[in-house]
Amino acid sequence: PGDVWPSIKVSAMISGGQLSLNCIDLIQVPAVERNTVAVLPLGKKKQQKVAVGDDHGVLTMFFMKRGQAEVEWKTNALGKEITRVCLQNGKDKLFVVCGQSIRGFTRKGKEFLQMETNMTETIHSLFVDEATIWTGGEYIMNIYEDCKDAGFVMVPDRINDLLCGQVTNAPRPCAVTACQDKYIRVYENEKLCHELAVEGPCTALGNAEPTRGGPGKVALLHGTETGVVGLIHAETSTMRHVVTISEVARRQASVANVIAADICKSGGHDVCVGREDGGVEVWTLGGDQAGPMSANGVAPTLVMQTSTSESIRGMQSGSVTSSAFQDLIVTTYSGKVLAITTDPAAADATGAALVRDEEMPATAVGAATALAEMAVASIKQQHKDVQKERAKDKERRLKALQKEVEGLKMQVDKEKARYKSISTQEIAVAPQVKISSKFRLCPDEACYLLALECQSALDLVALRGDLSLDLLEDPEGAILSRQPGTTASPTLATYRCVEESNRIQIKLRTPEGTGGSVSCFVVPQVQPRTAQLVNLPVPPLSLHERVADMQVAEQVVAEVPLSDLSIKGPFSLPDMHQWLSLCVSSGMPPRPADDEMVLFFRSVFVGTVLSCRYSKGLGFFRSDSPTTLTVLKEVITREATARQMRVKVSVDLNEESTPHVLHLLHPKVAYQQALTQSVRLVEPLRELQLQDGEVCYLQQDMKEILDQGNEILRDFERQPRRLNFLHQIVTDLYRHKWRLKGHSSVEHRLPALQRLLASYDFDSLVKFFEETV
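Residues numbered from 1 in each chain as written. Predicted model: local features only at pLDDT ≥ 70, side-chain atom pairs only at ≥ 80, totals over all residues. Heavy atoms only, no water.

On to the overall build of the chain. Along the chain, the regular secondary structure elements total 12 helices and 43 strands. In the chain, buried positions account for 53% of the 773 residues. Contacts in the chain between residues far apart in sequence, at least 24 positions, make up 58% of those at least 6 positions apart. Counting only carbon and sulfur atoms, one obtains 50% of the accessible surface of the chain, whose full area is about 36000 Å². (Helix = DSSP H or I, 4+ residues; strand = E, 2+ residues; numbered from the N terminus. Buried < 20%, exposed > 50% of the residue type's maximum accessible area, 1.4 Å probe, protein only. Contact = heavy atoms within 4.5 Å. Areas by Shrake-Rupley, 256 points an atom, 1.4 Å probe, with all protein chains shown as cover.)

Here we come to the environment of Pro539. As for its position among the elements, Pro539 is in the loop between β37 (532–538) and β38 (544–546). The exposure class assigned to Pro539 is buried, which follows from its relative accessible area of 11%. Between the alpha carbons of Pro539 and Gly515 there is a distance of 4.6 Å; along the sequence they are 24 residues apart. Look past the residues within four positions of Pro539 in its chain and what remains in contact with it is Thr514, Gly515, Leu582, Cys583, Val584 and Ser585.

Moving on: a positive patch on the surface. On the surface, Lys44, Lys45, Lys65 and Lys108 cluster together into a patch of positive charge. Within the secondary structure layout, Lys108 lies in the loop between β8 (101–105) and β9 (111–116). Given a relative accessible area of 62%, Lys108 falls into the exposed group. (Patch = residues over 30% accessible without salt bridge, like charges linked within 9 Å, V, L, I, M, F, W, Y side chains within 5 Å. Salt bridge = Lys/Arg side-chain N within 4 Å of Asp/Glu carboxyl O. Lys, Arg positive; Asp, Glu negative; His and termini not counted. Charge placed at Lys NZ, Arg CZ, Asp CG, Glu CD.)

Turning next to the sheet that holds β38. Taken in spatial order, the six strands make up an open sheet running β38-β40-β41-β42-β39-β43, and their pairing is antiparallel. Of all the strands in the sheet, just β38 and β43 (648–652) have a single pairing partner and so form its edges. The mean angle between the axes of side-by-side strands here comes to 20°, regardless of whether they run parallel or antiparallel. As paired elements, β38 and strand β40 (residues 597–603) share three bridges and run antiparallel to each other. Bridging across to β40, Glu545 finds its partner in Arg602. Lying over the sheet, helix α5 (residues 573–583) contacts β40, β41 (609–615) and β42 (618–623), oriented at roughly 160° with respect to β41. (Pairing = 2+ DSSP bridges. Axes fitted to C-alpha atoms, helices over the stretch in contact; angles between N-to-C directions.)

A separate point is empty space enclosed by the protein. Over the atoms a probe the size of a water molecule is rolled, and this reveals where empty space is left. Across all of its chains, the model carries two cavities of 30 Å³ or more by this definition. One number sums up the size of the largest cavity: a volume of about 190 Å³. As for the largest cavity, its lining consists of 17 residues, of which Glu512, Val606, Ser625, Thr627 and Ile729 are closest to the centre. Secondary structure elements with two or more residues in the lining of the largest cavity: α6 (626–642), α7 (657–692) and α10 (719–740). Examining the composition of the lining of the largest cavity, we find that four residues originate from one element, α10, more than from any other. Classifying every residue of the lining of the largest cavity gives nine nonpolar, six polar and two charged. (1 Å grid on protein atoms, 1.4 Å probe; cavity = no way out; pocket = protein on both sides within 12 Å on 5 of 7 lines; lining within 4 Å. Points joined across faces, edges and corners; volume = space filled by probe spheres on them. Nonpolar A, V, L, I, M, F, W, Y, C, P; charged D, E, K, R; others polar.)

Between its first and last C-alpha, α7 extends 51 Å over 36 residues, near the 52 Å set by a 1.5 Å rise per residue. The largest bend in α7 is about 40°, located at Leu665, with the proline Pro667 one to four residues further on. Gly693, located one to two residues past α7, shows a positive phi value of around 80°. (Expected span 1.5 Å × (residues − 1). Bend = angle between axes of the 7 residues up to and from the residue.)

Time to look at the environment of Thr306. Structurally, Thr306 can be placed in strand β25 (residues 301–307). Classification of Thr306 as partly exposed rests on a relative accessible area of 29%.

Applying the stated criterion across every chain yields a total of nine aromatic pairs. Centroid distance Phe95 to Phe112: 5.7 Å. Interplanar angle 90°. Geometry classified as edge-to-face. Here Phe95 is found in strand β7 (residues 94–98), whereas its partner Phe112 is found in strand β9, with 17 residues between them in sequence. Centroid distance Phe439 to Tyr448: 4.6 Å. Interplanar angle 15°. Geometry classified as stacked. Residue classification places Tyr448 among the buried positions, given a relative accessible area of 4%. Connected via pairs of aromatic rings, a cluster forms that spans Tyr734, Trp738, Phe768 and Phe769. (Phe/Tyr/Trp six-rings, centres within 6.5 Å; stacked < 30°, edge-to-face > 60°.)

On to the packing of α5 against α6, then. At a minimum axis separation of 10 Å, α5 and α6 run at an interaxial angle of 130°. Looking at the two axes, α5 sits oblique to α6. Handedness of the α5/α6 crossing: right-handed. In this structure, α5 contributes Met576, Trp579, Leu580, Leu582 and Cys583 to the contact, and α6 contributes Leu632, Val635, Ile636, Glu639 and Ala640. Per-class residue counts for the contact of α5 with α6 are nine nonpolar, no polar and one charged. (Parallel < 35°, antiparallel > 145°, perpendicular 65-115°, else oblique. Left-handed = near helix turned anticlockwise from the far one by under 90°.)

Let us now look at the pattern of salt bridges. Evaluation of the coordinates by the stated rule reveals 29 salt bridges. Note that Glu33 and Lys434 form a salt bridge whose closest N and O atoms lie 2.8 Å from each other. Linking Glu33 in the loop between β1 (22–28) and β2 (37–39) with Lys434 in the loop between α3 (387–422) and β29 (435–442), this pair joins segments that are 401 residues apart in sequence. A salt bridge links Asp55 to Lys434; the shortest N-O distance between them is 2.5 Å. One end of the pair, Asp55, is in the loop between β3 (50–53) and β4 (59–65); the other, Lys434, is in the loop between α3 and β29, with 379 residues separating them in the sequence. Of the residues examined, Asp55 reaches a relative accessible area of 14% and is grouped as buried.

In helix packing, the relevant descriptors are the interaxial angle and the interaxial distance, both defined with respect to the helix axes. Packing of α7 against helix α8 (residues 700–707) brings their axes to within 9 Å, and their N-to-C directions diverge by 90°. Considered as vectors, α7 and α8 are oriented roughly perpendicular to each other. Here Ser678, Leu681, Val682, Leu685, Arg686 and Gln689 of α7 lie close against α8, whose contacting residues are Met702, Ile705 and Leu706. Counted by class, the contact of α7 with α8 contains six nonpolar, two polar and one charged residues.

Bringing the sheet that holds strand β11 (residues 132–136) into the picture now. Within a sheet, neighbouring strands are paired by backbone hydrogen bonds and run either parallel or antiparallel to one another. Strand order in the open sheet formed by four strands is β10-β11-β12-β13, with antiparallel pairing between adjacent strands. Whereas interior strands pair on both sides, the edge strands pair on one side only; in this sheet they are β10 (125–129) and β13 (148–154). When strand polarity is set aside, the average angle formed by the axes of neighbouring strands in this sheet is 15°. Pairing of strand β12 (residues 140–145) with β13, which is carried by six bridges, proceeds in the antiparallel orientation. The residue of β13 that forms the bridge with Met141 is Val153.

Quick look at unusual backbone geometry now. Its identity as a non-glycine residue notwithstanding, Glu130 has a phi of 55°, on the positive side. Take Glu130: it is sitting in the loop between β10 and β11. Notably, Gln644 is not glycine yet its phi reads approximately 60°, a positive angle. Along the chain, Gln644 turns up in the loop between α6 and β43.

Right, let's talk about the state of the cysteines for a bit. Evaluation of the coordinates by the stated rule reveals zero disulfides. You can see Cys174 has no disulfide; the closest cysteine sulfur is in Cys193, sitting 4.9 Å from it. For Cys174, a relative accessible area of 0% corresponds to the buried category. Of all cysteine sulfurs, the one in Cys202 lies closest to Cys179, which takes part in no disulfide; the gap is 8.0 Å. (Disulfide = S-S within 2.5 Å.)

Right, here's the structure in full:
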């Protein structure tokens with residue numbers, strides 16, 4: 001009672017089913033960065049205008065007229081690529097970021113501000129309120145008042161997004177930062193007010209209801225790298241989770257944008273999500289129209305979803321194509337600007353139906369809004385005398401489109417002929433298209449997700465690794481071909497795209513113990529044909545993820561047998577921090593925040609832990625895995641030797657740690673060994689089911705083999721690679737255990753270990769590890 005939180009209401013359904021989304025291609029610009037699109041408030045016209053900035057540094061303003069996008073104005077190239085576009089809070093002034101400079105434009109295209117900041121980082125986040133500007137670079141947030149420095153904050157980890165809201169009663173709004181270390185932080189000026197942990201690295205923020213809420217009460221939407229979307233309430237004294245949207249049935253792609261908009265015309269706001277894989281979703285949350293939105297037991301409902309072939313880079317909402325419907329204005333990686341709407345008129349690809357809606361009187365538009373498709377059909381029946389004119393208009397538009405396509409074909413043929421004339425003397429070496437890559441750890445699947453995206457359709461991707469990679473499931477729309485590796489390149493593979501797509505996602509698992517790199521040669525379907533190289537480093541402890549919750553980490557560490565590694569020497573705190581960063585990349589802070597750093601990591605594949613405590617002149621590491629400690633010891637001593645530092649290393653190996661790691665690996669190895677026996681039973685059991693129909697008389701383990709037959713057969717095809725991957729982990733564990741004990745080589749014992757692994761028996765394996773060399 002008395003709470004006035006904003007509400008996000010449940011949307012209405014038409015005819016008891018889900019609403020359908022129609023997608024309209026509005027305009028094509030060069031490739032764009034994230035969040036470089038803005039929808040201006042309503043002006044004199046019934047429909048809103050859209051501004052989009054591109055990588056060529058051009059800001060383009062356009063609007064819809066008679067079903068087609070018309071450019072009102074565009075700027076000259078601003079010198080650098082545009083990395084952010086936003087509106088001044090509550091006004092129609094546009095602010096654009098190019099590198100470290102900020103430009104301001106009116107809705108008519110007149111430039112009124114050119115501000116050069118003192119930042120060394122590229123600005124990726126921007127918020128403007130009255131005369132105050134907040135900027136976010138990689139790790140630094142700056143505050144400017146009347147274009148003068150008013151403060152700055154060194155954020156603990158990378159800033160992925162930034163917005164402002166009246167969380168406290170302070171005169172100036174508070175800045176809310178989405179950080180890579182799985183925290184959302186609220187700053188009042190330069191003071192940290194709130195810090196809330198979320199499910200994964202926070203990648204996007206949005207206001208739950210921008211038009212409501214008073215001082216001290218803000219509702220925020222957030223999205224994470226793990227695909228989770230949630231609602232948070234922030235006020236002066238507290239910040240708490242309210243609702244989480246997450247589909248357990250399937251892994252969701254990383255969230256690129258999340259906003260609140262009344263897409264379903266319910267009178268409230270729906271949650272609109274844009275994802276890295278091109279997915280667009282509209283969710284409703286349980287709420288009461290008369291009261292606040294709250295966690296009342298009503299599960300979030302997915303009302304609409306669609307997908308594009310490219311990653312989403314920006315998302316805004318507004319009445320752009322029609323004054324009667326709210327559209328989602330979406331930008332994609334290659335520079336497409338799309339309108340995703342529930343307007344039935346948008347289903348007409350020629351745009352003629354949108355013209356009719358635009359020319360309807362207000363009463364007709366109101367009827368169409370209330371009755372949707374049924375009302376549109378009724379209006380058509382009432383205006384039979386206009387049908388012929390509409391058909392002619394549609395035919396004219398179709399002919400205009402055909403003429404435009406023919407013109408583009410002629411232009412392509414002309415460029416091909418020009419290239420052919422010069423290709424006899426010159427070789428194409430300069431890249432023609434922009435390619436981006438993301439290489440991130442997926443903790444739930446214990447693997448890396450490599451996403452490669454190109455402005456043009458991809459032809460093939462060649463993969464080379466100087467370490468043995470376990471390539472998991474084949475990506476959708478591509479065929480995987482493996483080649484025998486060499487000593488220098490153990491992994492050689494090619495992904496050939498059979499479907500036209502600008503994006504490919506590859507899942508792979510990296511081994512631990514030795515670092516290396518993965519080289520990706522990306523060949524797009526463009527002329528002249530060129531390949532671009534994307535090189536990705538892989539640290540030695542690549543499958544280790546940082547545990548942010550210190551209480552959980554300390555509890556886990558207390559329950560396992562730990563071995564200790566102590567390193568002393570004349571090194572500084574930043575030196576040790578840098579050396580540790582060479583071993584573990586996931587979740588490492590960019591710089592030391594205190595005089596003594598305490599970090600916890602967990603292996604997402606094996607399940608072992610690593611505790612790190614280091615300061616000036618001292619590093620103390622604890623782990624239940626001898627492999628982890630050996631890697632740390634070798635990397636740190638190598639780097640110290642390169643700097644001519646003499647360090648003292650001491651190791652206290654817990655004899656129980658090796659059997660503990662073998663016990664963690666046992667279910668994985670045993671499953672792979674049991675696959676051979678299970679595969680032999682799949683076909684006989686299927687024949688038995690075909691003959692008898694019901695097989696309820698079978699034992700439970702036989703029923704499980706029958707139910708999981710397809711998965712068993714699929715896993716058996718990959719068994720040799722998976723089993724070799726696990727055997728390598730066990731072999732490295734044996735080497736590293738005795739290396740910590742002072743034995744430089746145990747190669748003479750490895751053949752016996754390989755024979756033991758081939759006829760796997762857990763007790764015999766543990767006994768072999770305990771025997772002296």
